[in-house]
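Residue-level listing of the chains:
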Amino acid sequence: MSRFDTVRAGLRRAYLRRLEAAKAEREAAALIAELEEAELPPPPAPDQEISHATTTSRDDAEVPRGLRIAAAWSWRLLILIAALAVLLWLIGRLRTVLIPLSIALLLSALLAPVMGVLRRRVKLPPSLAAFLVLIGGLATVAGVLTLVVSEFVDGFPALSDKASAGVKQIQVWLTTGPLHLSGRQLDATFQAATTWLSDNRGSLTDSALSTATATIEFLALTLLILFVTFFFMRDGKRIWYFVTGIVPTPARDPIRRAGEAAWQTLVAYVRATVLVAFIDALGIGLLLFFLDVDFWFPLATLVFLGAFVPIVGATVSGAVAVLIALVDRGVITAVVILIGVIAVQQLEGHVLQPLIMGRAVSVHPLAVIVAIATGVVLAGIIGALVAVPLVAVLNTGIRHLVQHRHEPPPDAVVVSAD
């Protein structure tokens, strides 16, 4: 055998040995993989607790899920009720300050369009524009009140005589009408009324003696309202930015934008309410004028003011108009006035308010009634006046915050395992 054949035979043997080694390695790897797959997982430790998605201990896992959810809702609701009670208590304690602020806010919303015209078109400085708007509003209110008071003073004696005659007619009707009341029963009723007046003369006198104090408080309240209204019109935006500066930075801009949207709602609400009140007063005032009812202008003014208290104000002012028409012109005229008042209220509720106010400032009637009742309990007539605008403003602000909130994306949430 030559040297070349010897080298070739050696290479062939080395190649065959390498193939056999590789085959053995593959078989060993396959055997190890089969053994690993056949291995069972180790059993759990005997003292390991079973975890639950909504519990933190074994004891919580034993409580039914419905009971856990009810308990979680209960303590949260109790905290909310306690916070609301504290808020209402604070409002009751601070109503002497909050009422002027609320009235000033309503007046600022009412006068804001005029203020804007003087600032944009006439180019007046803020202080001068606010001063002129405030003086003009005071002059208008004083003129209307002067006309109302003068007409009441001039016509009250004649109305008093007609009321006395009407009371006598009612007495005659009670005795000769279907009730057939006797004179003794009527005398007993009037005697009871006289006795009540005699028994309560002291409290009535005390009320009369406190008139001076009430007048001083009213003047102080009026000055405070005018003062606050002036600065709300002049520096309203700066005041709002200063107040919202105390909130955390991430929530500052959303709250400011929600406040601006709520302010626009308040301006629209007051403007629409004034327009609706003017239409109501014009309709009922013209009806009273053409039927020749005394005090038609004061009654129209009362209807205008009553329209600022939704549902309740229109009902009370309409009832006063019907009663005065009954005393002044008789039953037929009173019935005609009653039909006219109902027609105007229906027109207001189903046409004017949806058309003028729109859905942006609309509030459910149940919310209106609850707000008025709460306002009366907390602050009397003035509370009823500011309750509905406050609910409208809160409604808009909360809806704006909910609709424009920015939630972080899922990948922005980092959960630490430490």
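Basis of the calculations
- Residues numbered from 1 in each chain as written.
- Predicted model: local features only at pLDDT ≥ 70, side-chain atom pairs only at ≥ 80, totals over all residues.
- Heavy atoms only, no water.
- Helix = DSSP H or I, 4+ residues; strand = E, 2+ residues; numbered from the N terminus.
- Buried < 20%, exposed > 50% of the residue type's maximum accessible area, 1.4 Å probe, protein only.
- Contact = heavy atoms within 4.5 Å.
- Areas by Shrake-Rupley, 256 points an atom, 1.4 Å probe, with all protein chains shown as cover.
- Core = buried A, V, L, I, M, F, W, Y, C linked by side-chain atoms within 4.5 Å.
- Patch = residues over 30% accessible without salt bridge, like charges linked within 9 Å, V, L, I, M, F, W, Y side chains within 5 Å.
- Salt bridge = Lys/Arg side-chain N within 4 Å of Asp/Glu carboxyl O.
- Phe/Tyr/Trp six-rings, centres within 6.5 Å; stacked < 30°, edge-to-face > 60°.
- Expected span 1.5 Å × (residues − 1).
- Bend = angle between axes of the 7 residues up to and from the residue.
- pLDDT = per-residue confidence, 0-100.
- Axes fitted to C-alpha atoms, helices over the stretch in contact; angles between N-to-C directions.
- Parallel < 35°, antiparallel > 145°, perpendicular 65-115°, else oblique.
- Nonpolar A, V, L, I, M, F, W, Y, C, P; charged D, E, K, R; others polar.

**Here's the deal with the overall build of the protein**
Then, in step 1: Counting secondary structure elements, the protein contains 13 helices and zero strands.
Then, in step 2: Of all 418 residues assigned to the protein, the portion counted as buried reaches 23%.
Then, in step 3: The contacts of the protein with a sequence gap of at least 6 include a subset with a gap of at least 24, amounting to 66%.
Then, in step 4: For the protein, the accessible area works out to roughly 29,600 Å², and carbon and sulfur atoms hold 70% of it.

**Section: the nonpolar core**
Then, in step 1: Formed by 16 residues in total, the largest nonpolar core has its most connected members in Val270 and Ile372.
Then, in step 2: Mapped by element, the contributors of at least two residues to this core are helix H4 (95–120), helix H9 (249–290) and helix H13 (365–403).
Then, in step 3: Looking at this core, the element that brings in the most residues is H13, giving six residues.
Then, in step 4: With 15 residues, the next largest nonpolar core counts Val293, Phe295, Val322 and Ala325 among its residues.

**Section: a nonpolar patch on the surface**
Then, in step 1: The grouping of Val86, Trp89, Leu90, Leu94, Val97, Leu98 and Leu101 at the surface amounts to a nonpolar patch, some 620 Å² of accessible area in total.
Then, in step 2: Of all elements in the fold, only helix H3 (65–93) and H4 reach the threshold of two or more residues within the nonpolar patch.

**Notes on unusual backbone geometry**
Then, in step 1: Positioned with a positive phi, lysine 123 is a non-glycine residue whose angle comes to about 60 degrees.
Then, in step 2: Examined against the element boundaries, lysine 123 turns out to sit in the loop between H4 and helix H5 (126–176).
Then, in step 3: Under the relative-accessibility criterion, lysine 123 is labelled exposed at 64%.
Then, in step 4: If you check the backbone angles, aspartate 292 has positive phi at about 60 degrees while not being a glycine.
Then, in step 5: Within the secondary structure layout, aspartate 292 lies in the loop between H9 and helix H10 (296–306).

**A short note on the packing of aromatic side chains**
Then, in step 1: A full pass over the atoms with the stated rule returns five aromatic pairs.
Then, in step 2: Ring-pair connections join several aromatic residues into one group, and the members of that group are Phe289, Phe290, Trp296 and Phe297.

**A look at H4**
Then, in step 1: Between the first and last C-alpha of H4 there are 36 Å, a value that for 26 residues agrees with the 38 Å anticipated at 1.5 Å per step.
Then, in step 2: Along its length, H4 shows its largest kink, about 45 degrees, at leucine 111, and proline proline 113 lies within four residues downstream of that point.
Then, in step 3: Every buried residue of H4 is listed here: Ile99, Pro100, Ile103, Ala104, Leu106, Ser108, Ala109, Leu111, Met115, Gly116 and Leu118.

**Brief notes about the confidence of the model for the protein**
Then, in step 1: Residues of the protein with pLDDT of at least 70 account for 70%, and the chain-wide mean is 75.
Then, in step 2: Helix H7 (residues 201–209) is the least confidently modelled element of the protein, averaging 49 in pLDDT, while H3 averages 87, the highest of any element.
Then, in step 3: Taken together, the stretch residues 46–51 has pLDDT below 50 and engages in three contacts with residues farther than four places along the chain or on a different chain.
Then, in step 4: In this model, residues 410–418 is a region of pLDDT below 50 whose contacts with residues beyond four sequence positions or in other chains number zero contacts.

**Considering the packing of H4 against H9**
Then, in step 1: It is the contact of H4 with H9, at a shortest axis distance of 9 Å, that shows an interaxial angle of 80 degrees. Classified by the interaxial angle, the pair formed by H4 and H9 is roughly perpendicular. Two secondary-structure elements touch here, H4 through Leu105, Leu106, Ser108, Ala109, Leu110, Ala112 and Pro113 and H9 through Trp263, Leu266, Val267, Val270, Arg271 and Val274.
Then, in step 2: Looking at the contact of H4 with H9 residue by residue, the classes come out as 11 nonpolar, one polar and one charged.

**Focus on the pattern of salt bridges**
Then, in step 1: One pass over the full model with this rule turns up two salt bridges.
Then, in step 2: For the salt bridge of aspartate 235 with arginine 234, the shortest nitrogen-to-oxygen distance reads 2.9 Å.
Then, in step 3: Overall, aspartate 235 belongs to the buried group, its relative accessible area being 10%.
Then, in step 4: A residue is classified by how much of its surface remains accessible, and arginine 234, at 28% relative accessible area, is partly exposed.
Then, in step 5: Residue aspartate 235 pairs with arginine 238 through a salt bridge whose shortest N-O separation is 2.6 Å. One end of the pair, aspartate 235, and the other, arginine 238, are both in helix H8 (residues 211–243), three residues apart, so they sit about a helical turn from each other.
Then, in step 6: Three or more residues are tied together by salt bridges with common partners; here these are Arg234, Asp235 and Arg238.

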